[in-house]
Amino acid sequence: MVEVSIMARIAVTDGMASEAVTVLEKAGHEVVLGFIEESELLDGALKDFDAIIVRSATKLNAEIISASDGLSVIGRAGVGVDNIDLQAAGSAGIMVVNAPNASTQSVVELTIGHLLSSLRHVAKSDRGMRDGKWQKKEMKGTELSGKCLGLIGFGRIAQGVATVAKTLGMEIHTYDPYLPPKVAKAQGAYLHKKVDTLFQTCTHISIHCNLSDETHHLVDEKRMRMMPGRKGSIQCGNHIVNCARGGIVDEVALLSALDEGIITSAALDVFEVEPLPENYALVQHANFHGTPHIGAATLEAQQRVGLDIADAVITGLSGKKPKTLVNGQFL
Ligand code: MLT
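What counts and what doesn't
Residues numbered from 1 in each chain as written. Predicted model: local features only at pLDDT ≥ 70, side-chain atom pairs only at ≥ 80, totals over all residues. Heavy atoms only, no water. Salt bridge = Lys/Arg side-chain N within 4 Å of Asp/Glu carboxyl O. Helix = DSSP H or I, 4+ residues; strand = E, 2+ residues; numbered from the N terminus. Buried < 20%, exposed > 50% of the residue type's maximum accessible area, 1.4 Å probe, protein only. Pairing = 2+ DSSP bridges. Axes fitted to C-alpha atoms, helices over the stretch in contact; angles between N-to-C directions. Contact = heavy atoms within 4.5 Å. Near = heavy atom within 4 Å. Polar contact = N/O pair within 3.5 Å; in protein donor to acceptor, adjacent residues only side chain to side chain. Areas by Shrake-Rupley, 256 points an atom, 1.4 Å probe, with all protein chains shown as cover. Nonpolar A, V, L, I, M, F, W, Y, C, P; charged D, E, K, R; others polar. 1 Å grid on protein atoms, 1.4 Å probe; cavity = no way out; pocket = protein on both sides within 12 Å on 5 of 7 lines; lining within 4 Å. Points joined across faces, edges and corners; volume = space filled by probe spheres on them. Domains from an automatic or database assignment. Phe/Tyr/Trp six-rings, centres within 6.5 Å; stacked < 30°, edge-to-face > 60°. Lys NZ or Arg CZ within 6 Å of the ring centre and 35° of its normal.

Novice: Just checking my understanding: could you explain the pattern of salt bridges for this structure?
Specialist: Close approach of charged atoms allows side chains of opposite charge to pair. Across all of its chains, the model carries six salt bridges by this definition. The closest approach of N and O atoms between E30 and R9, which form a salt bridge, is 3.1 Å. Taken together, the positions of E30 in strand β2 (residues 30-33) and R9 in strand β1 (residues 9-12) put the pair 21 residues apart, joining distant regions of the chain. You can call E30 partly exposed: its relative accessible area is 31%. On the basis of relative accessibility, which here comes to 26%, the residue R9 falls in the partly exposed class.

Novice: Looking at this structure, how should I read the sheet that holds β2?
Specialist: Across a sheet, paired strands are connected by hydrogen bonds in the backbone, their directions being either parallel or antiparallel. Spatial strand order, β2-β1-β3-β4-β5: five strands in an open sheet with parallel pairing. Lying at the two open borders of the sheet, with one neighbouring strand each, are β2 and β5 (95-98). Averaged over all adjacent pairs, the angle separating strand axes in this sheet is 20 degrees, with direction ignored. Bridging between β1 and β2 involves four bridges; their strand directions are parallel. Within the sheet, the bridge partner assigned to A11 lies in β2 and is V32. In this fold helix α1 (residues 18-26) packs onto β1, β2 and β3 (51-54), with an angle of close to 145 degrees to the strand it touches most, β2. Its contacts with the sheet place helix α13 (residues 299-317) against β1, β3, β4 (73-76) and β5, and it is angled at close to 170 degrees to β4.

Novice: When you look at the site of the ligand in this model, what are you seeing that I'm missing?
Specialist: Within the structure, the ligand sits among R55, S56, R76, G78, V79, G80, R245, H293 and A296. V79 places a polar main-chain atom, nitrogen or oxygen, 2.6 Å from an oxygen atom of the ligand. Contact distances for the ligand include 2.8 Å between an oxygen atom and a backbone N or O atom of G80. Protein contact buries 90% of the 260 Å² of open area that the ligand shows by itself. Here the residues of the shell around the ligand sort into two nonpolar, four polar and three charged.

Novice: How should I be thinking about the layout of surface pockets in this particular structure?
Specialist: Left-over empty space is what a probe sized like a water molecule reveals as it rolls over the atoms. One number sums up the size of the second largest pocket: a volume of about 230 Å³. Lining of the second largest pocket is provided by 14 residues; of these, K59, D82, R245, F271 and E274 occupy positions nearest its centre. A breakdown of the residues in the lining of the second largest pocket according to their chemical character gives three nonpolar, five polar and six charged. Three or more residues apiece are contributed to the lining of the second largest pocket by two domains, here domain 1 (9-102 + 299-330) and domain 2 (104-290).

Novice: Sorry, what's going on with the packing of aromatic side chains here?
Specialist: Here a ring pair, both rings aromatic, is described through the centre-centre distance and the interplanar angle of the planes. Using the criterion set out here, one finds one aromatic pair in the structure. Lying across the ring of F49, R9 places its NZ or CZ 4.4 Å from the centre.

This is the structure in structure tokens:
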């Protein structure tokens, strides 16, 4: 690992809270703010930098990493590191650090917001009003209270969602193959051994896992059809929320499920392709509402993310092991 203790040059390509820039500068480093196009990154635009701090817009693949000789630290101002080739960074001796805790509360709140908004047609009503419609009769919703919420993944964010959902009277179910059963028990959540039984039990599903080969299109047509919201005495319909990562929900299957009425409402903050392709059919569906990947986009989360990542990058540049090193196994 290269040790750079003073006056490192740090590129910040996707924006960062000004307080965090100040922290980096006070530590003696030079901060260069501004987005760098992929072609420039491939041309070695990072050669004169010791560190780079990105959010999700800048993608650091193996080719870009190999064109960035001088780097010793990559900071991901957020949780997900799927835009960084961790192995390539490790092989090049570059530490990758993230800020995994800072945005938890903001994502919890957006998830609950999407659930409530879906069930009470908030976005749909607003769209109608803008068209001059008063659709009081059409906007009959359902309550969250008394319904089964299935959380895919049961990390910090899902547990925060569970806490709020329980106070709203929901019964909490989860599928997380990596979770010690005692964690689910302590939170009063029913832990499913199979993801299919979660879908068979829950009328409301919210996703809180990483995107991986294992979770790609985990929410597919077959599983959406398993949901119980239109069967027997259950009449609340089936609802899906994803504020985790695009690609976990099969969006083509979701659109068909909305068309068929198998899924009553869907709310996504994250998509398979971001920004969305032009005229994307899913977002035009009446029972869909979306937000443009804003889970962590609050004043508070961005301040915390910035300060946490600045701290981790400063530690890494000093040659010490940051607490949030994510590619230790490759270094
Ligand atoms: C994250 O991984 O921290 C969030 O998805 C926020 C983001 O990428 O902007």
